[in-house]
Amino acid sequence: MKAKTAMAIVEWTSLPLLLLAGLLVISGYGLTSESARNASLGLLTFSRSQSIHLSRLVKLGFVSLLLVHTYAGTEVLAKKVEKTGHQRLAALMEYSVLAFLIYVGWIAVNGEFGG
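Residues numbered from 1 in each chain as written. Predicted model: local features only at pLDDT ≥ 70, side-chain atom pairs only at ≥ 80, totals over all residues. Heavy atoms only, no water.

**Description of the overall build of the protein**
Let me state the cut-off plainly: By the criteria applied, helices consist of DSSP H or I runs no shorter than four residues and strands consist of E runs no shorter than two, each listed in order from the N terminus. Note that the radius of gyration is over C-alpha atoms, with the globule rule given as 2.2 Å times the number of residues to the power 0.38.
For the protein, the count of helices and strands is five helices and zero strands. Put simply, the protein runs from its N terminus to its C terminus through helices and strands in the order α-α-α-α-α. Here the C-alpha atoms of the protein give a radius of gyration of 18 Å, more than 25% beyond the 13 Å that 2.2 N^0.38 yields for 115 residues. Along the first, second and third principal axes, the C-alpha atoms of the protein reach 55 × 35 × 20 Å.

**Overview of the packing of helix α1 (residues 3-32) against helix α4 (residues 56-83)**
Geometry of a packed helix pair, given as the angle between the helix axes and the separation of the axes. Counted only if it meets this: Angles here are taken between N-to-C directions and fall from 0 to 180 degrees, while the axes themselves are lines fitted to C-alpha atoms, restricted in helices to the stretch in contact. Handedness of a crossing follows from how the near helix is turned relative to the far one, being left-handed for an anticlockwise turn of less than a right angle and right-handed for a clockwise one. Under the scheme applied, nonpolar residues are Ala, Val, Leu, Ile, Met, Phe, Trp, Tyr, Cys and Pro; charged residues are Asp, Glu, Lys and Arg; polar residues are all the others, including Gly.
At a closest axis distance of 8 Å, the pairing of α1 and α4 adopts a crossing angle of 145°. The handedness of the crossing between α1 and α4 is left-handed. For the contact of α1 with α4, the per-class residue count stands at 18 nonpolar, five polar and three charged.

This is the structure we're talking about:
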């Protein structure tokens, strides 16, 4: 992947990733804290928090964005490391992160659709 393309992916996934992460955190607190529900001025009820936090679309959207964002960010970093003359280190970073992201994706899909 070209560094320019990877950087564009990182930029375009940043805001949606931030919004979904915030939504998951806020809905999680809405499940466990009466204070959080009160602080939301009535927008966050227990049932609304539950439906957001357990939503398959929200969770898989977050994980998908996280995987794409992390892979693209690693590509940007690897290109910088490669320019310093450390091609093997850059390749090790890329393949290690890719293996880890495949594992995380497998767990997420298995968790949502598995038995």
